[in-house]
Amino acid sequence: MTERDSVRIGATVIEYEIRRSERRRKTVQIRIDGGAVRVAAPSATPDGELRAIVRKRASWILKRLAEAAPEAAEKRFVSGETLPYLGEQVSLVVDCGEAPSPQIRLDRGRLRIVAPGDLEDGEREEQIRGAVVAWYRARAAERFPAAVDRWWPRLGCGEPSRVLIRDQRRRWGSCASDGTLRFSWRGMMLEPALIDYIVVHELAHLAQQNHSPDFWELVTNALPDARERRTRLREAGRTLPL
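Below or above, wherever it landed, is the structure these notes cover. Note that the structure is predicted; figures quoted are calculated from it, not measured.

## Details of the overall build of the protein
(1) Moving on: Each helix and strand in the protein was counted, giving 6 helices and 11 strands.
(2) Moving on: Principal-axis analysis of the C-alpha atoms gives the protein an extent of 70 × 40 × 30 Å.
(3) Moving on: Here the protein holds 242 residues, and 44% of them are scored as buried.
(4) Moving on: Long-range pairs, those at least 24 residues apart, make up 48% of the contacts in the protein with a sequence separation of at least 6.
(5) Moving on: As displayed, the protein offers around 13400 Å² of accessible surface, 46% of which is attributable to carbon and sulfur atoms.

## Regarding the side chain of Arg-124
(1) Moving on: As for its placement among the helices and strands, Arg-124 is situated in helix H3 (residues 121-155).
(2) Moving on: In this structure, Arg-124 is in contact with Cys-96, Ala-115, Pro-116, Gly-117 and Leu-119, ignoring residues within four places of it in sequence.

## Quick notes on the sheet that holds strand E9 (residues 163-166)
(1) Moving on: On the basis of which strands lie adjacent, the open sheet formed by 3 strands has the order E9-E11-E10 and mixed pairing. Two strands in the sheet have a free side with no partner beyond their single neighbour: E9 and strand E10 (173-175). Recorded for the sheet is a direction-independent mean angle of 20° between the axes of neighbouring strands.
(2) Moving on: In this structure, E10 lies alongside strand E11 (residues 181-184), joined through 3 bridges in antiparallel fashion. The residue bridging Gly-173 from the neighbouring strand is Phe-183, located in E11.
(3) Moving on: Helix-sheet contacts for H3 involve E9 and E11, and the interaxial angle to E9 is about 145°.
(4) Moving on: Lying on the sheet, helix H4 (residues 192-204) is in contact with E10 and E11; it crosses E11 at an angle near 155°.

## Notes on H4
(1) Moving on: Along its 13 residues, H4 runs 18 Å from first to last C-alpha, staying within 8% of the 18 Å computed at 1.5 Å per residue.
(2) Moving on: A large share of H4 lies buried, amounting to 11 of its 13 residues.
(3) Moving on: Along H4, the residues classified as buried are Leu-194, Ile-195, Asp-196, Tyr-197, Ile-198, Val-199, Val-200, His-201, Glu-202, Leu-203 and Ala-204.
(4) Moving on: In the core, the buried residues of H4 are packed alongside strand E2 (12-21), H3, E10, E11, helix H5 (213-222) and helix H6 (226-237).

## Thoughts on the packing of H4 against H6
(1) Moving on: Their axes nearest at 10 Å, the elements H4 and H6 cross at an angle of 110°. Judged by the angle between their axes, H4 and H6 are roughly perpendicular. Listed contacts from H6 to Ala-193, Leu-194, Asp-196, Tyr-197 and Ile-198 of H4 are Ala-226, Arg-229, Arg-230, Arg-232 and Leu-233.
(2) Moving on: Its residues assigned to classes, the contact of H4 with H6 shows 6 nonpolar, no polar and 4 charged.

## Brief notes about H6
(1) Moving on: Spanning 12 residues, H6 covers 16 Å between terminal C-alpha atoms, matching the ideal 16 Å at 1.5 Å per step.
(2) Moving on: For H6, the complete set of buried residues consists of Ala-226, Arg-229, Arg-230 and Leu-233. Projection of H6 onto a plane perpendicular to its axis shows the buried side chains occupying an angular sector of 105°, all on one side.
(3) Moving on: Elements in contact with the buried residues of H6: strand E1 (2-9), E2, H4 and H5.

## As for the packing of aromatic side chains
(1) Moving on: Using the criterion set out here, one finds 6 aromatic pairs in the structure.
(2) Moving on: Seen from their ring centres, Phe-215 and Trp-216 are 5.0 Å apart, and the 80° between their planes marks the pair as edge-to-face.
(3) Moving on: Overall, the relative accessible area of 9% leaves Trp-216 in the buried class.
(4) Moving on: Clustering of aromatic rings is evident, with ring pairs tying together Tyr-85, Trp-135, Tyr-136 and Trp-185.
(5) Moving on: The ring of Trp-216 carries Arg-4 above its face, with NZ or CZ at 5.4 Å from the centroid.

## Some words on the pairing of strand E8 (residues 110-116)
(1) Moving on: Bridge analysis of strand E6 (residues 88-97) against E8 gives 7 bridges, and the strand direction is parallel. If you follow Val-94 over to E8, its bridge partner there is Ile-113.
(2) Moving on: Bridge analysis of strand E7 (residues 103-107) against E8 gives 5 bridges, and the strand direction is antiparallel. Across the sheet, residue Arg-105 finds its bridge partner in E8, namely Arg-112.
(3) Moving on: Counting the residues between successive antiparallel strands, the hairpin from E7 to E8 contains 2 residues, one of them, Arg-108, with a positive phi of roughly 50°.

Here is what the cut-offs are and how they apply
- For every chain, the first residue of the written sequence is number 1, and numbering continues from 1 along that sequence.
- The predicted nature of this model means local features are confined to residues of pLDDT at least 70 and side-chain atom pairs, given and counted, to a pLDDT of 80 or more, with totals for whole chains, interfaces and linings taken over all residues.
- Here the side-chain values reflect all heavy atoms present in the structure, with hydrogen atoms and water set aside.
- Note on conventions: DSSP H or I runs of at least 4 residues are helices, E runs of at least 2 residues are strands, and numbering of each starts at the N terminus.
- Residue burial is assigned from relative accessible area. The probe radius is 1.4 Å, only protein chains are included, and a residue is buried under 20% of its type maximum, exposed over 50%, and partly exposed in between.
- Note on definitions: a residue-residue contact is assigned when non-hydrogen atoms from the two residues lie within 4.5 Å.
- Residue exposure ignores everything except the shown protein chains as possible cover, and the areas themselves are Shrake-Rupley values with a 1.4 Å probe.
- The pairing criterion is simple: DSSP has to find at least two bridges between the two strands.
- Simply put, an axis is a line fit to the C-alpha atoms, just over the touching stretch for a helix, and the angle between two N-to-C directions goes from 0 to 180 degrees.
- One fewer than the residue count of a helix, multiplied by 1.5 Å, yields its expected span.
- By definition in this entry, angles of less than 35 degrees are roughly parallel, angles greater than 145 are roughly antiparallel, angles of 65 to 115 are roughly perpendicular, and the rest are oblique.
- Charged means Asp, Glu, Lys or Arg here, nonpolar means Ala, Val, Leu, Ile, Met, Phe, Trp, Tyr, Cys or Pro, and polar covers whatever is left, Gly included.
- Arc definition: directions from the helix axis to the C-beta atoms.
- Here is the rule: rings of Phe, Tyr and Trp (six-membered ring for Trp) pair when centre to centre is within 6.5 Å. Planes less than 30 degrees apart are stacked, more than 60 are edge-to-face, and the remainder are tilted.
- Geometrically, a charge over a ring is one whose NZ (Lys) or CZ (Arg) sits within 6 Å of the ring centre while staying within 35 degrees of the ring normal.

So, in structure tokens, the structure goes:
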């Protein structure tokens, strides 16, 4: 049976799978496979000992994960480029106009952007990028609280949580000790099923502030295909353009 655990290194969380074997006598092996961290260990190895080994190898693990991640093409925010939104690629249509700052609207699968016409190329790109990030954040401020409200009856504990949207690149979400839930605006690039997984994952932390078997039982009771969603989420996260 595959187990899951995690360790925190500063602001970074390393999640890993554990596979125990009676045949393996002493050696604990760590490998990176398709962006996933896998730990092979003797069956009797305590969880705490495995966490210590993962912490000790953290620099190597993070370096290998970075090497395994394909680089997303840098965006120039011009017509014809695409950005992901709710799991679909939307085309950018960029025009110049009289607006004092870039204006954005989603129109029939296209992200239409009207930027001030008197900007130099570098300044126009910077302003459009900022406006695009603000647009994603605004959508996230609507989507994530609604998803939390939808899943709260099954997983919520205590008073309803505050939901905050943050600029978190390495983490899709987090659950503070006071119950505050924080989500990355980048989650709006994902398909809705993965947004639900992120929300369920963080709500489960209200009851279990760890990644113990009890935690994963809560998650899989809510989402029977949680493991498959988790794999898709890991793959999606390696190619985010922003």
